[in-house]
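Below are the chains, spelled out letter by letter.
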Amino acid sequence: MNEHDVIVVGAGGAGMRAAIAAHEEGADVALVSKLHPVRSHTGAAEGGINAALHDEDSWELHAYDTMKGSDYLGDAPAIDTFAQDAPDEVIQLEHWGMPFSREEDGKVSQRPFGGLSFPRTTYAGAETGHHLLHTMYEQVVKRGIEVYDEWYVSDLAVTDHEDPEDRRCYGCAAYDIKTGEVAGFHARDGVILATGGPGQVYDHTTNAVANTGDGPAMAYRAGVPLEDMEFVQFHPTTLPSTGVLISEGVRGEGGILYNGEEERFMFEHGYANNEGELASRDVVSRAELTEVNEGRGIDDEYVELDMRHLGEERIVDRLENILHLAEDFEGVDGLDEPMPVKPGQHYEMGGIETNENGETCINGLYAAGECACVSLHGSNRLGGNALPELLVFGARAGRHAAGGDMAKAEIPTGPSARSEDGAVDSPVKPGAVKPATGDTVADGGEVRSDGGAVTTAGEVVEQTVIRERERVETLLEGDGINHAEVRDDIQETMTENVNVFREEDNLKSALEDIRQAREAYQDVSVSDPSRTFNTDLIHTIETRNVIDLAEAITLGALAREEFRGAHWRKDHQERRDEDWLKHTMLRWNGGDPDLYYKPVILEGEEKTYEPKERSY
Ligand SMILES: Cc1cc2nc3c(=O)[nH]c(=O)nc-3n(C[C@H](O)[C@H](O)[C@H](O)COP(=O)(O)OP(=O)(O)OC[C@H]3O[C@@H](n4cnc5c(N)ncnc54)[C@H](O)[C@@H]3O)c2cc1C
């Protein structure tokens, strides 16, 4: 068994930032990741990192923009902490050698981004995430932090106390993708989940195939609530054929959106009379699809993004990567012609419920980055706010897990006296139908292979390893269907029914499809018997996570009867603060998810935020 003080699952931006912070507190830290750190999806981030660095800008303005962007569903303690800490994190990156784009006077450049009242997005060309990952990986290597790359964490080692708040996480079980070995990782002080987004729940997504929501699904089944999962961000500018992202940086630099009638529709059809193309992402995505639905799109599918007027010199200097993406994936030369774009799944605002210190309601279990919901973005994330989030809250989770001296968090986790029961009118009984193939865990490790009492930390980890070995063997020995059939069905129904525009009937039909997919998953098996780089096996295990998260997103979407941020409901066209200024919480509850709500915290450090109508 491998043993460390702090084990960080995931080595993207959040994971590496957490590991560095924990190491700075003196902890023996390990990063366990299914991908090599610099292949993590943070590397795909193009546009930039928001931070109030300029004399004329302030953290209060950044906090206000973030709260407004969230459509007043963000929690003020998270937003204030974020806006205050982001500048130091960017300066820290600069000191570590991040090659930021610069002005002639040598200062780090900042550009406008959607929903920001000040141009505060720092960037490194249109490859910000790539440089961020490499800068942090250098720090990981320099510090000698142990990296177990190409290890797939398949379950958490959590005690089986009845009440999740009494449970403790002692580590995890992981599968060595290179050898097929399943081994235990014991964390003496804490496990930090930093596993990224669940974009693979959809088929048209900007996310990589590795983004399967493993962390949220594992935490959910272990007893941690998932928060606000219905809030999925659809980015307005993705290439139609692949979902590859065309950065908001293009619009930040002055790129213009046109419909099929060559109208600058954001203004001409009144979607955002002040900000136009730089309105918040939810607003622009809905505008594009409305244009297409009303017959003003191109090929009934997309609109166009034009950057030709910016001139070759500026485009090559600041957006060169975009030229390559448009050429390689769509065959379009962005210097000569507009690029076709349409909305695509991009980001999950919800995730594992945490407080500002990254703690979950399970002792010793933390989360940070896109897999977590602190709640900073509420119902809609502003572009450029995810990278500073993973820096700020990754660092805080790392410090706290390593025993750093930090103030007590203001955001509560787990159900409390302020929680309110909820109900959802699902056409099918959601949750597990019976233990999935090779899956002996009912909830939080309740089922143990020997049926005996598990007492020590090492034994909790060991039992998890035994269970996971059995699961792998069962999957390899079975003779059932391939996971891809199930995953395709989920992606198809989610893209069709739980997209930008949502209707009650569609959401219900998605739940029925998810139920069928869950049943079909009982018969999955892996045809490739190999123990070395068996990607079929990994994808099969991931597919279970995709199913659980698709269901959580859809249940939350069906329950929330209002229109807020990225969650548009045909049958509920208004934001209803009197009833819905609250977070959607889902608890796995042994496969029979429990829905409840917790209030949004609008009381900030300097003021209480007043919900206002959101216009751009
Ligand atoms: C194309 C694109 C462009 C973007 N551009 C921007 C931008 O310009 N600005 C901005 O603020 N945000 C941007 N975002 C959002 C932002 O990049 C992401 O939210 C953020 O990078 C996620 O970082 P992360 O560390 O949480 O996850 P990731 O970087 O995805 O890392 C996840 C890590 O977890 C590991 N992992 C996952 N599951 C397991 C498992 N079961 N076992 C072991 N390891 C596991 C992976 O190997 C990986 O190392 C963009 C997103 C996309 C998709």
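Keep in mind that what you see is a predicted model, and the values were worked out from it rather than measured.

## Quick notes on the packing of aromatic side chains
Both the distance between ring centres and the angle between the ring planes are used here to describe each pair of aromatic rings.
Okay, step 1: Tallying each qualifying case throughout the model produces eight aromatic pairs.
Okay, step 2: Judged by centre distance (6.2 Å) and plane angle (80°), the ring pair of Phe265 and Tyr271 falls under edge-to-face.
Okay, step 3: The partly exposed category is assigned to Tyr271, whose relative accessible area is 24%.
Okay, step 4: Ring geometry for Phe501 against Trp568: centres 4.6 Å apart, planes inclined by 65°, an arrangement best described as edge-to-face. Placement of Phe501 in strand β19 (residues 501-502) and of Trp568 in strand β20 (residues 568-569) is noted, with a sequence separation of 67 residues between them.
Okay, step 5: For Phe501, a relative accessible area of 24% corresponds to the partly exposed category.
Okay, step 6: A connected cluster of aromatic rings, assembled from ring pairs, spans Tyr148, Trp151 and Phe185.
Okay, step 7: The side chain of Arg111 reaches across the aromatic face of Tyr123, ending 3.7 Å from its centre.

## As for the pairing of strand β14 (residues 339-348)
Okay, step 1: Of all the ten residues making up β14, ten are buried; the element is thus mostly covered by neighbouring parts of the structure.
Okay, step 2: Summarising the sheet, strand β11 (residues 232-238) and β14 pair through five bridges and their orientation is antiparallel. In the strand pairing of β14, Phe234 is matched with Gln345.
Okay, step 3: Of the pairings in the sheet, the one linking strand β13 (residues 303-306) to β14 comprises three bridges and is antiparallel in character. Each residue of the ladder has a partner; that of Val303, found in β14, is Val341.

## Considering the packing of helix α5 (residues 214-222) against helix α14 (residues 535-559)
Two packed helices can be described by the angle between their axes and the distance between those axes.
Okay, step 1: Packing of α5 against α14 brings their axes to within 9 Å, and their N-to-C directions diverge by 70°. Between α5 and α14, the crossing angle belongs to the class labelled roughly perpendicular. Side by side, α5 and α14 meet where Asp214, Pro216, Ala217, Tyr220 and Arg221 of the first sit next to Glu542, Arg544, Asn545, Asp548 and Leu549 of the second.
Okay, step 2: Of the residues in the contact of α5 with α14, the class split is four nonpolar, one polar and five charged.

## Here's the deal with the sheet that holds strand β18 (residues 420-421)
Okay, step 1: Here we have six strands laid out as an open sheet, ordered β17-β15-β10-β21-β22-β18, and mixed in their pairing. Looking at the sheet topology across the chains shown, the edges are occupied by β17 (372-373) and β18.
Okay, step 2: By the bridge criterion, six bridges tie strand β21 (residues 582-587) to strand β22 (residues 594-599) in an arrangement that is antiparallel. Bridge pairing in β22 places Leu586 opposite Leu595.
Okay, step 3: Sheet strands touched by α5: β10 (226-227), β15 (351-353) and β21. Its angle to β15, the strand with the most contacts, is close to 40°.
Okay, step 4: In this fold α14 packs onto β10, β21 and β22, with an angle of close to 140° to the strand it touches most, β21.

## What to know about the site of the ligand
Okay, step 1: Taken together, 38 residues form the shell around the ligand, and within it Ser40, Thr42, Gly47, Gly48 and Glu370 come nearest.
Okay, step 2: Within the contact set of the ligand, a nitrogen atom lies 2.9 Å away from a backbone nitrogen or oxygen of Lys34.
Okay, step 3: Glu46 is positioned with one of its backbone polar atoms (N or O) 3.3 Å from a nitrogen atom of the ligand.
Okay, step 4: Taking 1000 Å² as the accessible area of the ligand by itself, protein coverage stands at 97%.
Okay, step 5: Only α1 (13-24), β2 (29-33), β7 (151-158), β14 and α10 (386-401) provide two or more residues apiece to the shell around the ligand.
Okay, step 6: Here the residues of the shell around the ligand sort into 16 nonpolar, 17 polar and five charged.

## A short note on the domain arrangement of the protein chain
Okay, step 1: Domains assigned within the protein chain are domain 1 (1-45 + 63-75 + 145-231 + 349-408 + 426-616) and domain 2 (237-345).
Okay, step 2: For domain 1 and domain 2, the distance between their C-alpha centres works out to 31 Å.
Okay, step 3: With 19 residues of domain 1 in contact, the opposing surface of domain 2 contributes 24 residues.
Okay, step 4: Between domain 1 and domain 2, the buried area comes to about 1600 Å², and carbon and sulfur atoms account for 58% of it.
Okay, step 5: For Arg614, the salt bridge is made with Asp282, and the minimal N-O distance between the two is 2.3 Å.

## Re a negative patch on the surface
Okay, step 1: Taken together, the side chains of Asp203, Glu485, Asp488, Asp489, Glu492, Glu496, Glu512 and Asp513 define an acidic patch exposed on the protein surface.
Okay, step 2: With five residues, helix α12 (residues 483-497) is the single largest residue contributor to the negative patch.
Okay, step 3: Here Glu512 lies in helix α13 (residues 504-521).

## Observations regarding the side chain of Glu89
Okay, step 1: Following the sequence through the fold, Glu89 ends up in helix α3 (residues 76-95).
Okay, step 2: Residue class for Glu89 comes out buried when judged on its relative accessible area of 10%.
Okay, step 3: Look past the residues within four positions of Glu89 in its chain and what remains in contact with it is Arg17, Leu391, Val392 and Ala395.

## Here we look at the environment of Gly48
Okay, step 1: Here Gly48 lies in the loop between β2 and β3 (49-50).
Okay, step 2: A relative accessible area of 8% means that Gly48 is categorised as buried.
Okay, step 3: Separated by 339 residues in sequence, Gly48 and Leu387 place their C-alpha atoms 7.5 Å apart.
Okay, step 4: For Gly48, the contacting residues outside a window of four places in its chain are Phe113, Thr121, Thr122, Tyr123, Thr128, Gly384 and Leu387.

## What to know about the nonpolar core
Okay, step 1: Counting residues in each nonpolar core, the largest one holds 82 residues, and the members touching the most others are Leu156, Leu193, Leu365 and Met494.
Okay, step 2: Here the element with the most residues in this core is α14; it accounts for 13 residues.
Okay, step 3: Not counting chain neighbours up to four residues away, the residues in contact with Leu193 comprise Val9, Leu156, Gly215, Ala219, Ile352, Leu365, Tyr366, Ala367, Ala368 and Cys371.
Okay, step 4: Residues Met16, Ala63, Val374 and Leu376 belong to the second largest nonpolar core, which totals 60 residues.

## Some remarks on the packing of α12 against α13
Okay, step 1: Closest axis-to-axis distance for the α12/α13 pair is 9 Å, and the angle between their directions is 175°. In terms of orientation, α12 lies roughly antiparallel with respect to α13. Counting all contacts with α12, which are made through Val486, Ile490, Thr493, Met494, Glu496 and Asn497, the residues of α13 involved are Asn506, Leu507, Ser509, Ala510, Asp513, Ile514, Ala517, Ala520 and Tyr521.

## Some points on the pairing of β7
Okay, step 1: The buried fraction of β7 is high, at eight of eight residues.
Okay, step 2: Pairing analysis gives seven bridges linking β7 to strand β8 (residues 169-176), with the strands arranged antiparallel. Paired with Asp155 across the two strands is Ala173, which belongs to β8.

## So, the state of the cysteines
Working definition of a disulfide: a covalent bond connecting the sulfur atoms of two cysteines.
Okay, step 1: One pass over the structure, following the stated rule, counts zero disulfides.
Okay, step 2: The thiol of Cys172 is not disulfide-bonded; the next cysteine sulfur, from Cys169, is found 7.3 Å away.
Okay, step 3: Of all cysteine sulfurs in the structure, the one in Cys371 sits closest to Cys373, which takes part in no disulfide; the separation is 11 Å.

Scoring rules and cut-offs
Residues numbered from 1 in each chain as written. Predicted model: local features only at pLDDT ≥ 70, side-chain atom pairs only at ≥ 80, totals over all residues. Heavy atoms only, no water. Phe/Tyr/Trp six-rings, centres within 6.5 Å; stacked < 30°, edge-to-face > 60°. Buried < 20%, exposed > 50% of the residue type's maximum accessible area, 1.4 Å probe, protein only. Helix = DSSP H or I, 4+ residues; strand = E, 2+ residues; numbered from the N terminus. Lys NZ or Arg CZ within 6 Å of the ring centre and 35° of its normal. Pairing = 2+ DSSP bridges. Axes fitted to C-alpha atoms, helices over the stretch in contact; angles between N-to-C directions. Parallel < 35°, antiparallel > 145°, perpendicular 65-115°, else oblique. Contact = heavy atoms within 4.5 Å. Nonpolar A, V, L, I, M, F, W, Y, C, P; charged D, E, K, R; others polar. Near = heavy atom within 4 Å. Polar contact = N/O pair within 3.5 Å; in protein donor to acceptor, adjacent residues only side chain to side chain. Areas by Shrake-Rupley, 256 points an atom, 1.4 Å probe, with all protein chains shown as cover. Domains from an automatic or database assignment. Buried area = accessible area lost by both parts, 1.4 Å probe. Salt bridge = Lys/Arg side-chain N within 4 Å of Asp/Glu carboxyl O. Patch = residues over 30% accessible without salt bridge, like charges linked within 9 Å, V, L, I, M, F, W, Y side chains within 5 Å. Lys, Arg positive; Asp, Glu negative; His and termini not counted. Charge placed at Lys NZ, Arg CZ, Asp CG, Glu CD. Core = buried A, V, L, I, M, F, W, Y, C linked by side-chain atoms within 4.5 Å. Disulfide = S-S within 2.5 Å.

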